[in-house]
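The residues making up each chain are set out below.
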Amino acid sequence: MPIQWLDKLIRRARVKSPWLLHFDCGSCNGCDIEVLACLTPVYDVERFGIVNVGNPLHADLLLVTGTVNRRNGRVLTNLYEQMAAPKVVVAIGSCGLSGGIFRTAYNVIGGVDQMIPVDVYVPGCPPRPEAIIDGVFLALDRLSRPAKSSDRPPLKPVAGRSSP
Amino acid sequence: MNHALIILGIGLVAGPLLGGLAGGLDRIVTARLQARTGPPVWQPYYDVIKLMAKELVVVNGWQAFCVYSYLFASMLALILFVMQSDLLLILFTQALGAVFLAMGALASTSPYSQVGAHRELLQILTYEPLLFLVGVGIFLETGSFKISVVMQWKDPLILKLPLLFAALGYVMIIKLRKSPFDLAASHHAHQELVRGVFTDFSGPLLGMIEIGHWYDTVLILGICSLFWATGPVPMAALAAAAYATIILIDNAAARLNWRWMLGHVWAMGLALALVNLICRHQG
Amino acid sequence: MRTSVIPFGPQHPVLPEPLQLKLTVEDEVITEAVPALGYVHRGLEALAQNRDFHQMVQVTERVCGICSVLHAICYCQGLEDIMGITVPPRARYLRVIWGELLRLHSHLLWMGLFADSFGFESLFMQLWKIRERVLDIQEATTGNRVISGTIRVGGVSRDMDARQVHWIADQLTWVAHQVRQIEPVLREDFTIRRRTEGKGVLTSAQARELGAVGPVLRASGIAQDIRQTGYAAYGELDFEPVTATAGDCHARCMVRLGEIDQSIDLIHQALDRLPGGDIRSEVRGRPQGETLMRVEQPRGEVVYYIRADGGKTLSRVRIRTPTFANIPVLVKLLPGIFLSDVPVVVLSIDPCVSCLER
Ligand code: SF4
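What you are looking at is a predicted structure, and each value in this text was computed from that prediction instead of being measured.

1. A look at the overall build of chain A
Part 1 of the reasoning: The number of helices and strands found in chain A is five helices and five strands.
Part 2 of the reasoning: Along the chain direction, N to C, the helices and strands of chain A fall in the order α-β-α-β-β-α-β-α-β-α.
Part 3 of the reasoning: Restricting the contact set of chain A to residue pairs at least 6 apart, pairs at least 24 apart contribute 82%.
Part 4 of the reasoning: Here chain A displays about 6,400 Å² of accessible surface, and carbon together with sulfur accounts for 57% of that area.

And the structure:
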C-alpha cells in the first residue's frame, strides 16, 4: 500500500516538474525563439514547473528544433545518451519532423527521429508557443507512466553516428 | 530527554520543509517581479521528489561521498542551531559542508564544474570572515557564543549592531546564491558555467544538494533572525524582511565577477563590521 | 596557473544556437578562442539549383528565422534588378514596415538575451514581454508570428487596410512608451555598466580593418548604414544612422537601443505616407543576368549575389551574412578577457549562427 502511494507521488512529481533541455540542431532560429518565448511572461511555462536547465544531466525533456546533419547529429546523440532516465524527446517544427523545407539540401539527413527516438512531434513552421507547450504536455503523459528501459527502441544506426 | 528529541525532530523535519517553502515563495515572488505568474508554492518539493526518483548517474565515486557529507554537515549545523548550541561550532560545521560540496565538484573532470568549484571556494573565502565577525559581534554584545544566551537577551541586537547586520546581508546574498553574487551556480542556468558547481551532479545527488540547500537557507535565516531575538514573531519578521530584500536585489542586479565580489565584499563588509565593533567597544 | 580548454557550446544555455568556441583559459582569463563552425550548415545556397526562383523566396526567409523578411527582401530586390521589374510604391512601403518591425523585434530579442548573459533575468523577461506586442503586430498583418512569408518577387502578397494602419500606430506608441521606461536601466544601472563598459573595446580603425558591419561598426563611431542607399522606400523617409563612440559592449547596446526608437519612428513615417495602389507587379519570363544586392539587417549588411542563366532555377545564389563579417571581430575581442565576460562579448556582436552557416 505505501509503495503504491509512493509510486503515485513520484509520478505526480515527474509531471509537475519537467526540466527541459533545448538543443538547436540546425534550425533556422524560427523555432528556437518560439521555444524561448514559451519561457517569457506571456506564455510562462514556469507555471507548470518547467524550467530550462541547459544541462543534459539534469534534464527530463529534450526539445529538439531543426534538421539533423552529420556534424550535429553526433552532438544530439551524445546529449540524449547523457540524460538520465526517465526522459522524453519532443521534436519541434517541420524541420525536426522530417527536414521540412530543407529536406532536399545536401547536408541534411532528415528529422530528429533519424538519430534518436522521438516521443512527440510538434508540426509547424514555426509552431506557435501554444503548440509547443501542448506538445510538452503530451510528452509528460509519457513521463507519468512507469519507465522501463525496454520501452524504448534502441538508437538507430544511421550514417553519421559516431559509433554504431 | 524527551524535550531534546522533539527539538531534534523539528530541526530535522521542519527545517527542510520550511526551507523548501521559502524556496517556493522565492520563485513566486521572483516570477511576479518579472511579470510572470510563477509555479505553485510546493514546486521545490516536486522538484526534489522527482530528482530522487531519477536514475543515478555518478561521474565519480568521490562525488557521492562529498554530497552525503555536505548534506550531513548542513543537517548537523541546523540541529546544533535549534538545540541552541555554540554559534562558532555551527559556523564551522556549515563551512565544512560548503567545502565538501566544492570538493565534490572538483572530483569531476568537466571544466564547468571545475571552474564552478573554484568560484565556490572563493565565495566561501569571501563570506567566512564576515560570518565569523558576526559571531564575534554577537559575543561582544552578549558575552557568549551560546545561542541560548543570545535568545535570552532582552534588547534587539540589530539596534546595537546595525552595520554588522548589513555585513550579514552580503553573506546571505552569497550563501543563498543570488545576484549579484551568484557566481558559482545560479538558480537559473543562464550563465557561462551552465550550472557551475552543480553541473556534474545529477538525479538523487542533486536532490540531496537541494535538500542541503534548504537546511542552509533555514540556518542562515535563523542566524539573521538572532538579531531581533526577543520573541518568535519579531524573529520571523526580521528573517522574512531580509529574505524579501534579497529577492528584490536579486531581481534588480546583474551578476558581477568574482574579482569584484572579493574586493567589494571584503572592503565594504569588513569595514562595516569593524566600524560597528569598534564603536560598540569604545562606547 | 592552470590552462584548460573550455568548450563553449555547441549546446549552451547562454547561446541558444550551436556555435562552438574552444576557449583556452588560464586562471579564468581567455588566452585563445577558436570558433568551430558547421553545426547548422544545411546547404541552402545549393537549394537554388533545384527550386524554382519563386519558391526560393521561402527558402531565403528561412536562412534565419530572426532576419527572415530582410533576407527575402534582399533576394527579391536582386531578382527584380535582374528582371527589370519596378515594384509598386505601396509594396515598397509595406516592405519597409515589415522590415522595420522585424528589426524592432530582433533588437528587443537581442537585448533580452544580452541582459540574460550578465544574469539580469528580470530585464530579459520585461524586454521579451514588450517584444510579444511586436509579434502580435506581425501576426495581425502577415498571419504568422515569426516567419511571415509575405514578400514576393515583384512586390508583396498581403495588404493592410486603414483600420490596421491605425491599430499598428497605437500599438507602436505603447511599445515606445515601454522601451522608454526601461531605457534608464540599460543606460545607467550600476551593475550593468560594471559588466559592459570597457568590455570588448573595438576602435574605429580596428572595426574598419576587420570589416565589421552593422551596430558593431556604428558603435565604434562609423556612421554606415546600408539603408542610406535608399532601397525600398528608405530614400523617401528621414533618418540618420545611430552611432556611438566608445566601441565597447555598452556602446553596442546603446546603438541598438537608439535603433529601436529609430525603427518605431520609421514605421510611423511609413504608415503616414503609405501610398495607395497595387501591391505587386506582374513577373513575366525567366531571369537572366547577375546582380549584387545589399540590405541592412538588424545585425548588419547582408550581401546577395545572384546569377541566373534564363532557366526556371537560378544557377548561383551566394549569401554573405552580417555575422560572417563580424566573426573576425569576435575572435579578435575574446583573448584577454575574463571567462565571465565571454557571454557578454559574444552576444554583443549579436551572432546569428543560422545565418552564418546557412
Ligand atoms: S520548422 Fe520552419 S521555423 Fe522551424 S527551424 Fe524549420 S524552417 Fe525554421
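2. With respect to the interface of chain B and chain A
Think of interface size as the accessible area that goes away when the parts come together; that is how it is often given.
Part 1 of the reasoning: Opposite the 29 residues of chain B that make contact, chain A presents 28 residues.
Part 2 of the reasoning: Our count for the chain B to chain A interface comes out at five salt bridges.
Part 3 of the reasoning: Note that B:Lys50 and A:Asp60 form a salt bridge whose closest N and O atoms lie 2.8 Å from each other.
Part 4 of the reasoning: Where chain B packs against chain A, one counts 14 residue pairs in polar contact (both at pLDDT 80 or more).
Part 5 of the reasoning: Of all the elements in the fold, those that place two or more residues in the side of chain B that touches chain A are α2 (43-52) and α9 (203-225) of chain B.
Part 6 of the reasoning: In terms of residues, the side of chain B that touches chain A owes the most to one element, α2(B), which gives six residues.
Part 7 of the reasoning: Class assignment of the residues belonging to the side of chain B that touches chain A gives a composition of 13 nonpolar, eight polar and eight charged.

3. Observations regarding a nonpolar patch on the surface
Residues and elements named next belong to chain B.
Part 1 of the reasoning: Together, Trp62, Phe65, Val99, Met103, Leu106 and Leu121 make up a nonpolar patch on the protein surface, roughly 510 Å² of accessible area in all.
Part 2 of the reasoning: Counting residues per element, the ones that place at least two in the nonpolar patch are α3 (61-82) and α4 (87-106).
Part 3 of the reasoning: Broken down by element, the nonpolar patch gets its largest block of residues, three residues, from α4.
Part 4 of the reasoning: Assessed through its relative accessible area of 34%, Met103 is described here as partly exposed.

4. Focus: the sheet that holds strand β2 (residues 20-26) of chain C
Residue and element names in this part refer to chain C.
Part 1 of the reasoning: Spatial ordering of the open sheet is given by β1-β2-β3, a layout of three strands whose pairing is antiparallel. Both outer strands of the open sheet, β1 (3-8) and β3 (29-36), are each paired with one neighbouring strand and no more. Pairwise comparison of adjacent strand axes, ignoring direction, gives a mean angle of 20° for this sheet.
Part 2 of the reasoning: When β1 meets β2, the two strands line up antiparallel, connected through six bridges. Among the inter-strand pairings, Ile6 is bridged to a residue of β2, identified as Leu23.

5. Thoughts on the site of the ligand
All names here are of chain A.
Part 1 of the reasoning: Of all residues adjacent to the ligand, which total 13 residues, the nearest are Cys28, Cys31, Ser94, Cys95 and Cys125.
Part 2 of the reasoning: Residue assignment for the shell around the ligand shows that the elements contributing at least two residues are α2 (30-39) and α4 (93-98).
Part 3 of the reasoning: Looking at the shell around the ligand, its residues break down into seven nonpolar, five polar and one charged.

6. Points about the packing of aromatic side chains
Part 1 of the reasoning: A full pass over the atoms with the stated rule returns nine aromatic pairs over all chains.
Part 2 of the reasoning: Ring geometry for A:Phe48 against A:Phe137: centres 5.0 Å apart, planes inclined by 90°, an arrangement best described as edge-to-face. Placement of the pair is A:Phe48 in the loop between α2 and β2 (51-52) and A:Phe137 in helix α5 (residues 129-144), with a sequence separation of 89 residues.
Part 3 of the reasoning: A relative accessible area of 27% places A:Phe48 in the partly exposed class.
Part 4 of the reasoning: Through pairs of rings, three or more aromatic residues link up here, namely B:Trp62, B:Phe65 and B:Phe100.
Part 5 of the reasoning: Stacked on the ring of A:Phe102, the Lys or Arg C:Arg42 has its end atom at 4.7 Å from the ring centre.
Part 6 of the reasoning: The aromatic ring of C:Trp174 is capped on one face by C:Arg133, whose charged end is 3.9 Å from the ring centroid.

7. Focus on the confidence of the model for chain A
Keep in mind that low pLDDT regions are not for reading the predicted coordinates in detail.
Part 1 of the reasoning: Taken over all residues, the pLDDT of chain A has a mean of 79, while the share at 70 or more is 87%.
Part 2 of the reasoning: Of the regions scoring below 50 in pLDDT, residues 153-164 of chain A engages in 21 contacts with residues more than four places distant in sequence or in other chains.

8. Section: the nonpolar core
Part 1 of the reasoning: A:Leu62, A:Leu76, B:Leu168, B:Phe227, C:Leu23, C:Tyr75 and C:Leu334 are the most contacted members of the largest nonpolar core, which totals 257 residues.
Part 2 of the reasoning: A total of 16 residues in this core trace back to one element, the largest contributor, which is helix α4 (residues 89-117) of chain C.
Part 3 of the reasoning: Excluding its chain neighbours within four sequence positions, the residues that come into contact with B:Leu168 are B:Leu131, B:Val134, B:Ile223, B:Cys224 and B:Phe227.

9. Topic: the interface of chain A and chain C
Part 1 of the reasoning: Contact residues are listed per partner, giving 37 residues for chain A and 42 residues for chain C.
Part 2 of the reasoning: Contact between chain A and chain C buries roughly 3,200 Å² in total, counting both sides, with carbon and sulfur atoms accounting for 62%.
Part 3 of the reasoning: If you sort the residues of chain A by the area they bury against chain C, A:Ile33, A:Arg71 and A:Ile101 come out on top, with a joint share of 18%.
Part 4 of the reasoning: Where chain A packs against chain C, one counts two salt bridges.
Part 5 of the reasoning: As a salt-bridge pair, C:Glu139 and A:Arg128 come within 2.3 Å of each other at their nearest N and O atoms.
Part 6 of the reasoning: Our enumeration of links across chain A and chain C arrives at 13 residue pairs in polar contact (both at pLDDT 80 or more).
Part 7 of the reasoning: At the level of secondary structure, the elements contributing two or more residues to the side of chain A that touches chain C comprise β1 (19-24), α2 and α3 (70-82) of chain A.
Part 8 of the reasoning: Ranked by residues supplied to the side of chain A that touches chain C, first place goes to α2(A) with six residues.
Part 9 of the reasoning: Residue composition of the side of chain A that touches chain C, by class: 21 nonpolar, 12 polar and four charged.

10. Here we look at helix α11 (residues 322-333) of chain C
Part 1 of the reasoning: Relative to the 16 Å expected for 12 residues at 1.5 Å per residue, α11(C) spans 17 Å between its end C-alpha atoms, a close match to the ideal helical length.
Part 2 of the reasoning: Every buried residue of α11(C) is listed here: C:Pro322, C:Thr323, C:Ala325, C:Asn326, C:Ile327, C:Val329, C:Leu330 and C:Leu333.

11. Topic: the confidence of the model for chain C
Part 1 of the reasoning: Confidence in the prediction for chain C averages 83 pLDDT; 97% of positions are at 70 or higher.
Part 2 of the reasoning: Scoring the predicted complex yields pTM 0.84 and, for the interface, ipTM 0.79.

Thresholds applied
- Residues numbered from 1 in each chain as written.
- Chains lettered and ligands numbered in written order.
- Predicted model: local features only at pLDDT ≥ 70, side-chain atom pairs only at ≥ 80, totals over all residues.
- Heavy atoms only, no water.
- Helix = DSSP H or I, 4+ residues; strand = E, 2+ residues; numbered from the N terminus.
- Contact = heavy atoms within 4.5 Å.
- Areas by Shrake-Rupley, 256 points an atom, 1.4 Å probe, with all protein chains shown as cover.
- Salt bridge = Lys/Arg side-chain N within 4 Å of Asp/Glu carboxyl O.
- Polar contact = N/O pair within 3.5 Å; in protein donor to acceptor, adjacent residues only side chain to side chain.
- Nonpolar A, V, L, I, M, F, W, Y, C, P; charged D, E, K, R; others polar.
- Patch = residues over 30% accessible without salt bridge, like charges linked within 9 Å, V, L, I, M, F, W, Y side chains within 5 Å.
- Buried < 20%, exposed > 50% of the residue type's maximum accessible area, 1.4 Å probe, protein only.
- Pairing = 2+ DSSP bridges.
- Axes fitted to C-alpha atoms, helices over the stretch in contact; angles between N-to-C directions.
- Near = heavy atom within 4 Å.
- Phe/Tyr/Trp six-rings, centres within 6.5 Å; stacked < 30°, edge-to-face > 60°.
- Lys NZ or Arg CZ within 6 Å of the ring centre and 35° of its normal.
- pLDDT = per-residue confidence, 0-100.
- Core = buried A, V, L, I, M, F, W, Y, C linked by side-chain atoms within 4.5 Å.
- Buried area = accessible area lost by both parts, 1.4 Å probe.
- Expected span 1.5 Å × (residues − 1).

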